[in-house]
Amino acid sequence: MAITGRSLVSTMPGPDPATLMAEERRRAKFDPSDMHNIIEGTPEKAQKIMELYQSLERDPVLAPGFADYELSRDLHREQTTARIARMTQYVELELYTDFWRRLNLVTAYDPSLGIRILVNLGLFINCIKGNGTDAQFQYWCVEKEAKFMKQLWGCFGMTELGHGSNAAGVETTATFDEKTDEFVINTPHIGATKWWIGGAAHSATHSSIYARLIIKGKDYGVKTFVVPLRDANHQLMPGVSIGDIGLKMGREGVDNGWIQFSQVRIPRFFMLQKFCKVARDGEVTLPPLEQLSYISLLQGRVGMASDSYRICARFITVAIRYAVGRRQFKSDLSGGKQETQLIDYPLHQRRLMPYLALTYAMGVATDRLERQHETVVRELEDAVQKNDKKAIYVSLADTKTLFIDSAALKSTLTWLAEQCITEARQACGGLGYSSYSGFGKSYADWVVQCTWEGDNNVLGMSAGRSILKCVSDVLKKNAKVSGSLLFLTNAKKCLGSEEVLKAEENLNPGMVLKALEVLIVRVSAAALEKAETNKSWDFVSYERVLLSKLRCHHYLLDTIIQTLQGVKEPGLLYALAKVIRLYFMSFLLEHFGREFITYRVLCPQLSKKITDRLVGESCLEVRNQAIPLTDSFQIPDTLLNSAIGNYNGNWYEDYFRVVKTLNDPSKTKAPYSHDLEAMLNRASVSDRQRAEKSSEAESKLSR
């Protein structure tokens with residue numbers, strides 16, 4: 001019997017994924033730390049993330065564990081609340097930007113914690129900041145210390161049982177009472193019940209309520225109001241009814257609730273009046289543009305795009321590490337002497353390598369989107385504060401671009417992340433189905449991202465319609481488009497039927513980006529003609545969502561091209577060139593192959609070559625650096641929280657240890673063993689029928 005020095009004693013050699021992992025790392029052509037700097041945007045940001053990772057994995061409350069996967073709903077909410085309390089200590093001590101980055105990283109492994117804080121600090125406070133006056137923001141968020149999660153806790157009362165994506169159609173009313181200088185908040189029927197309100201069921205003391213402004217019988221549309229829900233003793237305010245909406249697919253750590261208002265009165269100055277103002281006599285001053293009141297929603301969409309990168313980085317890392325360490329079946333690929341590593345099967349490479357390449361594109365693009373959002377919001381706030389109308393309209397143009405970009409990226413990337421988690425889970429076989437791999441809970445927690453803060457199809461249609469309007473203005477009015485949609489200014493040059501990608505030598509990032517721009521314009525032109533013929537935008541809903549997806553990929557490809565231009569180190573350049581090539585061939589030219597061919601942008605023969613040969617070759621090239629590329633995400637094992645994805649590769653032992661720790665093997669009988677024993681040891685049918693149908697009974701009964 002050999003002593004291996006490990007936790008298990010073996011009589012013969014067992015699987016050794018750790019050695020396979022070490023061999024992969026020895027082939028690295030670059031330093032993962034240097035690559036991490038590129039993915040995150042700057043060395044300074046990458047360093048801050050590493051510091052925060054270290055802090056989180058050491059934190060006794062915030063660090064995740066495998067027991068998290070076995071919590072009941074009540075215990076999950078207790079844990080989430082304890083973690084929120086811990087996070088409040090950080091928000092008081094560190095820079096607000098660092099706290100938000102901490103929250104972004106936490107959300108990748110504990111989305112219940114992330115969303116409960118984001119609803120309060122993001123949606124509630126940003127609604128006040130975006131729609132309220134400086135004095136209102138100062139009162140509610142600074143003096144009341146909501147910004148630091150003290151005194152009051154806010155929720156975001158937009159959606160209703162009868163209205164979700166159509167925020168402009170909500171039916172809760174806010175009727176002005178001139179006699180008392182109050183608004184009367186009311187739920188007129190069951191469909192107007194506020195629904196899905198995160199934090200409402202048990203936590204929130206206040207809510208930013210979206211309600212229809214009614215003055216002297218006139219409906220002025222949906223405006224925002226701060227409405228107290230609970231008093232200082234955490235008791236419901238008079239006229240406020242609240243309940244829990246019950247079990248969901250995931251995120252059980254979030255106390256989503258419903259709210260009904262029965263003639264609840266609030267002072268007039270509880271209405272948020274940065275843009276829309278109501279005077280004491282009921283006179284209404286409407287904002288120059290209604291879109292201003294929805295700017296507060298953009299941070300959430302930007303954050304969800306960034307979350308898509310983080311969740312993909314987490315699970316593509318797990319799946320690729322598993323694929324390196326797992327052998328299955330003997331094949332020609334391994335010489336037939338031993339079973340083949342999963343990662344060496346061409347089909348397995350086809351399943352995982354494109355998602356690895358996509359994750360890189362997501363990383364650099366969402367960093368750009370975060371910076372774009374920060375700049376646009378800051379410049380608009382400065383313009384509004386100075387009442388500089390010219391600057392306001394300039395900022396609004398940038399804001400409209402951000403609306404399109406954030407809508408396109410939020411919808412498309414959350415969809416792609418859902419697909420990535422699913423494919424990565426299946427690529428891990430049966431062990432991917434184990435809760436301790438992390439896939440199950442994370443998938444259930446994730447998929448709501450495709451629905452809330454703008455249903456993906458609705459957001460896609462919105463972004464697509466804006467793109468159509470831009471193309472229409474260029475084609476019909478010779479308009480010029482600014483911002484990140486600047487390329488649409490050349491729309492006229494993109495029309496026609498000339499193929500852009502004709503031969504293999506055309507398959508470079510710049511040419512593919514040009515081809516994508518041509519495709520966007522040609523799809524738009526055809527959709528505009530179709531909409532005009534049918535006199536309805538609804539007839540081009542599919543094309544609008546398609547344009548949103550194409551716009552997202554244009555943003556990703558354009559960003560990674562810009563990123564590549566700033567890289568000088570040969571090893572990094574080599575790896576990134578392989579990554580970007582696989583990304584555009586798989587997620588653009590292959591995935592949208594029908595569209596590229598239909599609109600005569602891509603030569604059909606080249607499309608066939610891409611699918612038959614080039615994608616597979618590209619997958620193999622990325623596979624050869626797959627472990628260094630996933631190491632570059634720099635996610636610590638503790639925060640990865642997957643029993644089959646640890647850095648050292650010893651996941652057979654890691655997984656077995658987790659199973660035994662959380663499922664005590666010394667307990668050989670279950671609590672329900674009595675029922676099992678009774679079932680198995682039950683008497684015969686004749687005995688249970690008291691032998692009443694036996695031959696002996698027959699002889700007695702037939703006399």
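Residues numbered from 1 in each chain as written. Predicted model: local features only at pLDDT ≥ 70, side-chain atom pairs only at ≥ 80, totals over all residues. Heavy atoms only, no water.

Draft legend 1. Molecular detail of helix α16 (residues 541-565). When the terminal C-alpha atoms of α16 are compared, their 37 Å separation across 25 residues agrees well with the 36 Å that a helix rising 1.5 Å per residue should span. Counting buried residues in α16 gives 19 out of 25 residues, a clear majority hidden from the surface. (Helix = DSSP H or I, 4+ residues; strand = E, 2+ residues; numbered from the N terminus. Expected span 1.5 Å × (residues − 1). Buried < 20%, exposed > 50% of the residue type's maximum accessible area, 1.4 Å probe, protein only.)

Draft legend 2. A look at the pattern of salt bridges. The full count for this structure, using the stated rule, is 49 salt bridges. As a salt-bridge pair, K194 and E160 come within 3.1 Å of each other at their nearest N and O atoms. Taken as a pair, K194 in strand β4 (residues 194-197) and E160 in the loop between β1 (154-157) and β2 (173-177) lie far apart in primary sequence, 34 residues in all. In this structure, R623 engages D344 in a salt bridge whose closest nitrogen and oxygen atoms are separated by 3.0 Å. Residue R623 is found in helix α19 (residues 604-623), and its partner D344 is found in the loop between β13 (339-341) and α9 (346-385); the two are separated by 279 residues along the sequence. (Salt bridge = Lys/Arg side-chain N within 4 Å of Asp/Glu carboxyl O.)

Draft legend 3. Broad picture of unusual backbone geometry. Its identity as a non-glycine residue notwithstanding, K216 has a phi of 55°, on the positive side. By the element assignment, K216 lies in the loop between β5 (206-215) and β6 (218-228).

Draft legend 4. Summary view of the packing of helix α17 (residues 570-590) against α19. Contact geometry of α17 with α19 gives a least axis separation of 9 Å together with a crossing angle of 145°. Helix-helix and strand crossings are classified by hand; for α17 and α19 the assignment is left-handed. Facing α17, whose interface residues are K578, V579, R581, L582, M585, L589 and E590, α19 presents I610, T611, L614, V615, S618, C619, E621 and V622. Taken together, the residues of the contact of α17 with α19 sort by class into nine nonpolar, two polar and four charged. (Axes fitted to C-alpha atoms, helices over the stretch in contact; angles between N-to-C directions. Left-handed = near helix turned anticlockwise from the far one by under 90°. Contact = heavy atoms within 4.5 Å. Nonpolar A, V, L, I, M, F, W, Y, C, P; charged D, E, K, R; others polar.)

Draft legend 5. Expanded view of the sheet that holds β4. In spatial order, the strands read β4-β8-β7; together these three strands make up an open sheet with antiparallel pairing. The open sheet has two edge strands with one neighbour each: β4 and β7 (240-244). In this sheet, adjacent strand axes meet at a mean angle of 20° when their direction is disregarded. Two elements, β7 and strand β8 (residues 257-261), share five bridges in a ladder whose sense is antiparallel. Within β8, the residue paired with V240 across the bridge is F261. (Pairing = 2+ DSSP bridges.)

Draft legend 6. Here's a closer look at the packing of helix α4 (residues 73-93) against helix α6 (residues 111-131). Running from amino to carboxyl end, α4 crosses α6 at an angle of 55°, the nearest separation of the two axes being 9 Å. Classed by the angle they form, the pair α4 and α6 counts as oblique. Read as a crossing pair, α4 and α6 show a hand that is right-handed. For the pair α4 and α6, contact is made by H76, R77, T80, T81, R83, I84 and M87 and by S112, L113, R116 and I117, respectively. Looking at the contact of α4 with α6, its residues break down into four nonpolar, four polar and three charged. (Parallel < 35°, antiparallel > 145°, perpendicular 65-115°, else oblique.)

Taken by themselves, the reported measurements are silent on function.
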